[in-house]
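So you can see what is in the structure, the chains are spelled out below.
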Amino acid sequence: MKPLTHTEPLHFECETGNYHTFCPISCVAWLYQKIEDSFFLVVGTKTCGYFLQNALGVMIFAEPRYAMAELEEGDISAQLNDYQELRRLCSQIKKDRNPSVIVWIGTCTTEIIKMDLEGMAPRLEMELGIPIVVARANGLDYAFTQGEDTVLAAMAHRCPDSGRAKQQSRTHIDENDSLSSRGLRSLLSFPVPSTTEQTAHPPLVLFGSLPATVAAQLGLELKRQGIQVSGWLPAQRYAELPSLGEGVHVCGVNPFLSRTATTLMRRRKCKLIGAPFPIGPDGTRAWIEKICAVFGIQPKGLQEREEQVWKGLEGYLRLVRGKSVFFMGDNLLEVSLARFLVRCGMVVYEIGIPYMDKRYQAAELALLQSTCQEMGVPFPRIVEKPDNYHQVQRIRELHPDLAITGMAHANPLEARGISTKWSVEFTFAQIHGFTNARDILELVTRPLRRNHSLQELGWVQLVQSPV
Ligand code: SF4
């Protein structure tokens, strides 16, 4: 292995892609909760059904607003009519749940048999009078959180046009205008500003699905700087999707939304603010500062706010300082989490990541680099499409204090004396913004605290072959 340094530029590698991760169709679990009036229909096989049923745990007993359209032999050999089958299911969904939008999630099977979901959706949409959005969140092309990326990229096409929305709101104002004020305005000859024009900066739309409380916290942080968020993609309800178009600035809150970012820039002509992600107090500050810089606003009190949060984390920091961590990589949050942990005083040996969009993550990678330099630790090795077998060999060699990994490797590594943290928890926990940094460290330190207590019992390695 090449020795790690902190003088050379970041080092990227690419392995075989033989790694464990969740299938991207799992995004229905959090998206159906976020978009309250939606229904997700996963068009796939029993394999997909088994995965959803097991991965989403107790959620399946809560009558969730997602379902499987399970393909049979007749569908696959084209003896049944796809359109009629989907029409039957969607009519039933409309009757039983009456959602504002149905999202079809394409799977590996629909890709392989080339089912024309995009072709059928507009026809059925007309027939049923309900929007149908198609997202190909399949395991052939994507990993885990990228499922959300495909859904949001598809929804970006359904957002109203900001130019048209502005014009409509103007017509509305004009229609409702009293004669006297209209006369007065024509005398003074200035237009009534719409809500977006009233703020001193261009409209800002944030993208990425976050729980309502976390989204509100981030909105509040920006408000403190005099920045108004004009909308979120996705919104709480489908009908409230934000207006997009030329002049609208967009900024992501999660590192796995590169397709959505591209769609917003290329298809909706929005301006992307490339910032590090608001994970950890350092990331949150950098995120706000970047938005302020783009709008020409001088940030106020951010440094003090960040220092105050770090002070509150001291108890956790004492536990992690000087410890080493190895990310096997499965959810694309790895770079942001690693950057935060380096700032906490940890040494990151390796960042495994399923897919690396160096352009979308440019600001985050730059922050990782400067953080490593400031903290005087070597740059981590960044391994795209990792090979889990090789990674286990490297873990054997490096013996990190903590491995962040999936369920498949967690227990086997634990049994060999390596502390692990289940990576999926970072996806479902609230990790964004200043106040939630504590939650990240709560997760990271849990195995360290537990092992500390167990060490006294002398049960560290429970199998014969050590790592
Ligand atoms: S990887 Fe493909 S077949 Fe497996 S659950 Fe995901 S979509 Fe279904």
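Everything numeric here is computed off the predicted structure, so don't read it as measured data.

**Q** I tried to follow the overall build of the protein chain on my own but got confused; where do I start?
**A** Helices and strands together make up the secondary structure of the protein chain, namely 21 helices and 14 strands. Counting the 467 residues in the protein chain, one finds 51% classified as buried. Taken as a whole, the protein chain presents about 21600 Å² of accessible surface, with 52% of it coming from carbon and sulfur.

**Q** Just checking my understanding: could you explain the sheet that holds strand S13 (residues 402-405) for this structure?
**A** Backbone-to-backbone hydrogen bonds join strands into a sheet, with any given pair of strands oriented parallel or antiparallel. In space, the 6 strands of this open sheet follow the order S1-S12-S11-S10-S13-S14, with parallel pairing throughout. Each edge of the open sheet carries a strand with a single partner, namely strand S1 (11-14) and strand S14 (420-422). Direction aside, neighbouring strands of the sheet carry axes that sit 20° apart on average. Relative to S13, strand S10 (residues 324-327) runs parallel, the two being bridged by 3 bridges. Bridge pairing in S13 links phenylalanine 326 to alanine 403. Sheet strands touched by helix H16 (residues 334-343): S10, strand S11 (347-353) and S13. Its angle to S11, the strand with the most contacts, is close to 175°.

**Q** Is there a simple way to think about helix H11 (residues 212-224) in this case?
**A** Owing to its 3.6 residues per turn, the α-helix brings residues three or four apart onto one side. With 13 residues, H11 ought to run about 18 Å at 1.5 Å a step, and its terminal C-alpha atoms sit 18 Å apart, in line with that. Those residues of H11 that fall on the buried side of the exposure criterion are Val214, Ala215, Leu218, Gly219, Glu221 and Leu222. Across the axial projection of H11, the buried residues extend over an arc of 155°, all falling on one side. Turned more than 90 degrees from where H11 packs its buried face, Leu220 and Lys223 sit exposed. Directly beyond the C-terminal end of H11, a positive phi value near 80° is found at glycine 226.

**Q** Can you walk me through the pattern of salt bridges in this structure?
**A** Where side chains of opposite charge bring their charged atoms close, a pairing between them can arise. All told, the structure shown has 23 salt bridges when counted by the stated rule. The partner of glutamate 15 in a salt bridge is arginine 394, with the nearest N and O atoms 2.9 Å apart. One end of the pair, glutamate 15, is in the loop between S1 and helix H1 (28-34); the other, arginine 394, is in helix H18 (residues 388-398), and 379 residues separate them in sequence. Here glutamate 15 matches arginine 394 in class, with each residue buried. A salt bridge links glutamate 414 to arginine 450; the nearest nitrogen and oxygen atoms lie 3.1 Å apart.

**Q** Is there a simple way to explain the side chain of histidine 432 in this structure?
**A** Along the chain, the position of histidine 432 falls in the loop between helix H20 (424-428) and helix H21 (437-455). Within the structure, histidine 432 has its side chain in polar contact with the backbone oxygen of valine 253 (distance 3.1 Å). Not counting residues up to four positions away in its chain, the partners in contact with histidine 432 are Leu210, Val214, Gln217, Leu218, Val253, Asn254, Pro278 and Ile279.

**Q** Would you mind showing me how to read the pairing of strand S12 (residues 381-384) here?
**A** Look at any regular strand and the pattern is simple: side chains alternate between the two faces of the sheet. A two-sided burial pattern is seen for S12, the buried positions comprising Arg381 and Val383 on one face and Ile382 and Glu384 on the other. In the sheet, S1 pairs with S12 via 4 bridges, with the strands oriented parallel. Across the sheet, residue histidine 11 finds its bridge partner in S12, namely arginine 381. Direction of pairing for S11 relative to S12: parallel, over a ladder of 4 bridges. The residue bridging glutamate 350 from the neighbouring strand is arginine 381, located in S12. In terms of handedness, the path from S11 via helix H17 (residues 362-375) over to S12 forms a crossover that is right-handed.

**Q** So what exactly am I meant to see when it comes to the UniProt feature "binding site: [4Fe-4S] cluster" (unreviewed entry) in the protein chain here?
**A** Sequence positions flagged by UniProt for "binding site: [4Fe-4S] cluster" (unreviewed entry) are, in local numbering, Cys23, Cys48 and Cys108. Of the residues just listed, which span 86 residues, no C-alpha pair is farther apart than 10.2 Å, and they cluster in one region. Secondary-structure assignment places cysteine 23 in the loop between S1 and H1. With a relative accessible area of 24%, cysteine 23 lands in the partly exposed category. Contacts of cysteine 23, omitting those with residues within four sequence positions, involve Phe51, Gly139 and Phe144. For cysteine 48, the position within the fold is in helix H2 (residues 46-55). Those residues within four positions of cysteine 48 in sequence are excluded, and the remaining contacts are Ile25, Met68 and Thr107.

**Q** How should I be thinking about the packing of H16 against H21 in this particular structure?
**A** Two packed helices can be described by the angle between their axes and the distance between those axes. The geometry of H16 relative to H21 is characterised by a closest axis approach of 12 Å and an angle of 85° between their N-to-C directions. Comparing the axis directions of H16 and H21 gives the class roughly perpendicular. Contacts from Leu337, Phe340 and Leu341 in H16 reach Ala437, Ile440, Leu441 and Val444 in H21. Each residue belonging to the contact of H16 with H21 can be placed in one class, and the counts come to 7 nonpolar, no polar and no charged.

Parameters at a glance
Residues numbered from 1 in each chain as written. Predicted model: local features only at pLDDT ≥ 70, side-chain atom pairs only at ≥ 80, totals over all residues. Heavy atoms only, no water. Helix = DSSP H or I, 4+ residues; strand = E, 2+ residues; numbered from the N terminus. Buried < 20%, exposed > 50% of the residue type's maximum accessible area, 1.4 Å probe, protein only. Areas by Shrake-Rupley, 256 points an atom, 1.4 Å probe, with all protein chains shown as cover. Pairing = 2+ DSSP bridges. Axes fitted to C-alpha atoms, helices over the stretch in contact; angles between N-to-C directions. Contact = heavy atoms within 4.5 Å. Expected span 1.5 Å × (residues − 1). Arc of directions from axis to C-beta. Salt bridge = Lys/Arg side-chain N within 4 Å of Asp/Glu carboxyl O. Polar contact = N/O pair within 3.5 Å; in protein donor to acceptor, adjacent residues only side chain to side chain. Right-handed = clockwise from strand over helix to strand, strands pointing away. UniProt positions renumbered as here; feature names shortened; annotations may be inferred. Parallel < 35°, antiparallel > 145°, perpendicular 65-115°, else oblique. Nonpolar A, V, L, I, M, F, W, Y, C, P; charged D, E, K, R; others polar.

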